[in-house]
Amino acid sequence: MKNRINLWSSPRNISTALMYSFAQRPDTAVEDEPLYAHYLLRQPTEADHPGREDILQSQNNNGNEVTARMLSHDYQKEVVVFKQMTHHLIDIDTGFLDRMDNVLLIRDPRAILNSFSKVVEKVTARDIGVPQQFALFQRLQKAGKLTAVVDARLLLLNPESVLSQLCDRLGIPFTPQMLSWEPGARPEDGIWAAHWYGNVHKSTGFQPWKEKTYNLSPALASIAEACRPAYEEMLGAALRP
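Below is a short write-up of the structure.

The rules behind each value
- Residues numbered from 1 in each chain as written.
- Predicted model: local features only at pLDDT ≥ 70, side-chain atom pairs only at ≥ 80, totals over all residues.
- Heavy atoms only, no water.
- Salt bridge = Lys/Arg side-chain N within 4 Å of Asp/Glu carboxyl O.
- Buried < 20%, exposed > 50% of the residue type's maximum accessible area, 1.4 Å probe, protein only.
- Helix = DSSP H or I, 4+ residues; strand = E, 2+ residues; numbered from the N terminus.
- Phe/Tyr/Trp six-rings, centres within 6.5 Å; stacked < 30°, edge-to-face > 60°.
- Pairing = 2+ DSSP bridges.
- Axes fitted to C-alpha atoms, helices over the stretch in contact; angles between N-to-C directions.
- Contact = heavy atoms within 4.5 Å.
- Parallel < 35°, antiparallel > 145°, perpendicular 65-115°, else oblique.
- Left-handed = near helix turned anticlockwise from the far one by under 90°.
- Nonpolar A, V, L, I, M, F, W, Y, C, P; charged D, E, K, R; others polar.

## Thoughts on the pattern of salt bridges
Piece 1. Within this structure, the stated rule accounts for 10 salt bridges.
Piece 2. Of the charged contacts, one joins Arg110 and Asp108 as a salt bridge, the two residues approaching to 2.6 Å between their closest N and O atoms.
Piece 3. Owing to a relative accessible area of 15%, Asp108 belongs among the buried residues under this scheme.
Piece 4. Close ionic contact of Asp108 with Arg228 constitutes a salt bridge, the shortest N to O distance being 2.9 Å. Placement of the pair is Asp108 in the loop between β4 (101–106) and α5 (109–116) and Arg228 in helix α11 (residues 218–235), with a sequence separation of 120 residues. The exposure classification of Asp108 matches that of Arg228, with both residues buried.

## Quick look at unusual backbone geometry
Leaving glycine aside, a negative phi is the common case for residues, and trans is the common case for peptide bonds.
Piece 1. For Glu33, which is not glycine, the phi dihedral falls at a positive 45 degrees.
Piece 2. Its place among the elements puts Glu33 in the loop between β2 (28–32) and α2 (36–40).
Piece 3. Judged by relative accessible area, Glu33 falls into the buried class, the value being 7%.
Piece 4. Positioned with a positive phi, Gln76 is a non-glycine residue whose angle comes to about 65 degrees.
Piece 5. Structurally, Gln76 is set in the loop between α4 (63–72) and β3 (79–85).

## Details of the packing of aromatic side chains
Each pair of aromatic rings is reported with the distance of its centres and the angle of its planes.
Piece 1. Scanning the model with the defined rule gives 6 aromatic pairs in all.
Piece 2. Pairing Trp8 with Phe96 gives two aromatic rings, centres 6.4 Å apart and planes at 55 degrees, and the pair type is tilted. Remark: Phe96 occurs in the loop between β3 and β4 and Trp8 occurs in strand β1 (residues 4–9); sequence separation between them is 88 residues.
Piece 3. Residue classification places Trp8 among the buried positions, given a relative accessible area of 0%.
Piece 4. For Phe96, a relative accessible area of 5% gives the class buried.
Piece 5. Between Tyr75 and Phe82, the ring centres sit 5.6 Å apart and the planes meet at 80 degrees, which makes this aromatic pair edge-to-face. Each member of the pair, Tyr75 as well as Phe82, is classed as buried.

## Comments concerning the sheet that holds strand β5 (residues 146–151)
Piece 1. Pairing in this open sheet of 5 strands is parallel, and the strands run β2-β3-β1-β4-β5 from one edge to the other. In this open sheet, the two edge strands, each paired with only one partner strand, are β2 and β5. Within this sheet the neighbouring strands show an average axis-to-axis angle of 20 degrees, counted without direction.
Piece 2. Examined bridge by bridge, β1 and β4 share 5 bridges and lie parallel to one another. Across the sheet, the residue bridging to Ser9 is Leu105, located in β4.
Piece 3. Helix α1 (residues 15–23) contacts β1, β2, β3 and β4 of the sheet and is inclined by roughly 155 degrees relative to β2.
Piece 4. Here helix α6 (residues 130–143) sits on the sheet and contacts β1, β4 and β5; the angle it forms with β4, its principal contact strand, is near 145 degrees.

## Here we look at the packing of α5 against α11
Piece 1. Contact pair α5 / α11: the axes reach a minimum separation of 8 Å and the direction vectors enclose 140 degrees. With respect to their mutual orientation, α5 and α11 come out oblique. Once α5 is placed against α11, the crossing between them reads as right-handed. Here α5 contributes Pro109, Arg110 and Leu113 to the contact with α11, which in turn contributes Leu220, Ile223, Ala224, Cys227, Arg228 and Tyr231.
Piece 2. Per-class residue counts for the contact of α5 with α11 are 7 nonpolar, no polar and 2 charged.

## Some words on the packing of α6 against α11
Piece 1. At their nearest, the axes of α6 and α11 sit 9 Å apart, and the two run at 35 degrees to each other. Crossing handedness for the pair α6 and α11: left-handed. Residues Val130, Pro131, Gln133, Phe134 and Phe137 of α6 touch α11, and the partners they reach there are Cys227, Ala230, Glu233 and Met234.
Piece 2. Of the residues belonging to the contact of α6 with α11, the class tally is 7 nonpolar, 1 polar and 1 charged.

## Some words on the pairing of β5
Piece 1. Within β5, 5 of the 6 residues are buried, leaving the element largely enclosed by the surrounding structure.
Piece 2. Looking at chain direction, β4 and β5 are connected through 5 bridges and run parallel. When the sheet's bridge partners are listed, Ile106 is paired in β5 with Asp151.

Coordinates in, geometry out; function isn't part of it.
See the structure below:
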């Protein structure tokens, strides 16, 4: 469907900042992780998600009903962007993917794990969604439905360049309004924002990328190493500044 866009991200990426970026467009509506409640009722791992009961009460937990609404609901805007977590795509008919634009937002697994493990214990590769993201990458490529891959580091190195290319891929005009926003909580935030969005609520735009060293535990380092080949292959398809 024209101008219905899924942004498929891993957790602890810059997906919320990118959602805020699109929300600055006067022609665009955004929705924050519409499949979160669906996932929580079917979660195959032991990760304890903060605010679980509140999330289940705040959203429809039938994923097939959610995706049908994504396609049919009148959002009162020409463009609709759905911020999605790749690991939420479980036990659901994926046919809706072929009727929408699909963008993958990727990040170095070491950076994801360093951040995610501060909020959630008992982390596995599937909790950070990289294996699922790679499977989705392959499925969308094969079907000719992969609109773009955006790497967090490359986006932060030059937001205007990468966003301009992304908008071109999506068939919508880039606007400089996408580069900044007001700080603080936003109306598009999901109910889980208090647990996850503290840093982005302090921001007024994309933060400049800085080289960091991650001191991961042996268990987390092993997960990062296992995820690296998938990340590297997806990185090869990413938009370059």
